[in-house]
Amino acid sequence: MILKEFVDDSLKNNPELSKANLLKIIFFLSKEIKSNELLHLNINKEIDFDLKKANKIINKFLNKKIPLEYITKSFNFYNNEYYITKNVFIPRDETEFLVSNIIKKYKDVSNLKVLDICSGSGCISNTLQMHFKDSMVYGLEKNKTPLKIANMNKNKYSLNTIFIKANIFKWIKTNNMKFDLIVCNPPYISKDYKLDKIVLKEPKAALFADNDGLLFYEIILSNIKNILELNGTLIFEIGFDQKDRLINILKENKLTNYNFEKDQYGLDRNLYIKL
Ligand SMILES: C[S@@+](CC[C@H](N)C(=O)[O-])C[C@H]1O[C@@H](n2cnc3c(N)ncnc32)[C@H](O)[C@@H]1O
């Protein structure tokens with residue numbers, strides 16, 4: 001079967017299947033096609049993957065409403081393929097966009113000590129370690145399964161990332177290491193927010209936070225001096241409607257050197273704070 005025919009038929013026969021999700025399946029199954037560009041270059045060629053397998057994944061995804069990444073046990077982040085299993089948060093495009101901005105901003109700086117708080121699958125820490133080769137990158141995570149997956153992902157690419165098993169709420173008060181760059185994509189959804197059924201297949205500990213979703217920001221910002229070097233930068237991913245409440249938390253902690261940046265969809269989703 002020709003690739004174009006497969007794409008057209010799959011979208012026509014499965015109206016609930018988005019093109020983005022279909023592409024994820026193709027990128028996962030095909031040995032050659034790993035990007036939109038390659039898809040267009042190969043669109044009139046014979047498919048190089050098992051059609052039955054592709055249809056099986058599509059059916060499982062649509063009928064059982066299991067995230068694609070849990071079915072394929074893989075996700076793509078900043079052009080690399082990583083492992084994932086259930087009980088691990090699935091990295092989002094917005095986080096990939098933030099990481100690409102960080103890589104651009106810091107590409108000429110060397111020997112950084114970097115911390116990724118709430119590291120999950122390790123997508124942020126492992127990507128930064130891959131690009132900042134002479135820096136030391138640490139990932140901090142409370143839960144066992146994400147830590148195991150982050151270490152598998154580190155080993156897949158022979159990286160030096162160091163993963164620490166800790167609860168940030170305790171660790172931030174007792175540790176004595178300071179970092180030049182801290183990145184954190186914490187759980188930030190309010191506990192009464194109604195999420196889609198498919199998102200609720202992801203671990204609750206990765207999604208929801210107390211105090212209207214703000215607890216991680218409150219605790220980290222009130223202890224920022226324990227973990228961030230002078231002139232260092234802490235970067236948060238935040239919820240699209242949290243900017244005003246974050247400005248209040250910054251004020252309460254007398255932090256004045258900060259700026260918000262937008263994500264690729266024009267929403268205020270990144271907060272940069274300097275000490
Ligand atoms: C939104 S996910 C982010 C994962 C990853 N950084 C990413 O961007 O895909 C938040 C992560 O924080 C972890 N977590 C939740 N509470 C924590 C705590 N108190 N201390 C450390 N990690 C925690 C969760 O297990 C989850 O892996």
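Up top is the structure these notes are about.
Residues numbered from 1 in each chain as written. Predicted model: local features only at pLDDT ≥ 70, side-chain atom pairs only at ≥ 80, totals over all residues. Heavy atoms only, no water.

Visitor: I'm lost on the environment of K148 in this one. Help?
Guide: Within the fold, K148 resides in helix α8 (residues 144-156). Judged by its relative accessible area of 57%, K148 is exposed. C-alpha separation for the pair K148 and P91, spaced 57 residues apart in sequence, amounts to 16 Å. (Helix = DSSP H or I, 4+ residues; strand = E, 2+ residues; numbered from the N terminus. Buried < 20%, exposed > 50% of the residue type's maximum accessible area, 1.4 Å probe, protein only.)

Visitor: Can you walk me through the site of the ligand in this structure?
Guide: Close to the ligand lie 22 residues; C118, E141, N143, N167 and N185 are nearest. The side chain of N143 places a nitrogen or oxygen atom 2.9 Å from an oxygen atom of the ligand. Measuring from a nitrogen atom of the ligand, one finds a side-chain N or O atom of N167 at 2.8 Å. Relative to its unbound accessible surface of 600 Å², the ligand loses 97% to contact with the protein. Listed by contribution, the elements that provide at least two residues to the shell around the ligand are α7 (123-131), β4 (136-141), α9 (168-174) and α10 (204-207). Residue classes in the shell around the ligand are distributed as 14 nonpolar, six polar and two charged. (Near = heavy atom within 4 Å. Polar contact = N/O pair within 3.5 Å; in protein donor to acceptor, adjacent residues only side chain to side chain. Areas by Shrake-Rupley, 256 points an atom, 1.4 Å probe, with all protein chains shown as cover. Nonpolar A, V, L, I, M, F, W, Y, C, P; charged D, E, K, R; others polar.)

Visitor: Explain the pairing of strand β10 (residues 258-262) here, please?
Guide: Successive side chains on a regular strand alternate, one facing one side of the sheet and the next facing the other. As paired elements, β10 and strand β11 (residues 268-274) share five bridges and run antiparallel to each other. The residue bridging F260 from the neighbouring strand is L271, located in β11. Connecting β10 to the antiparallel partner β11 that follows it, the hairpin turn spans five residues, and G266 within it adopts a positive phi of roughly 85°. (Pairing = 2+ DSSP bridges.)

Visitor: Sorry if this is basic, but what is going on with the packing of aromatic side chains here?
Guide: Between two aromatic rings, the relevant description is the distance of the centres plus the angle of the planes. According to the stated counting rule, one finds eight aromatic pairs in the structure shown. Clustering of aromatic rings is evident, with ring pairs tying together F75, Y82 and Y157. Sitting over the face of the ring of F179, K113 holds its NZ or CZ atom 5.7 Å from the ring centroid. The residue whose ring lies beneath K156 is Y83, and the NZ or CZ to ring-centre distance is 5.3 Å. (Phe/Tyr/Trp six-rings, centres within 6.5 Å; stacked < 30°, edge-to-face > 60°. Lys NZ or Arg CZ within 6 Å of the ring centre and 35° of its normal.)

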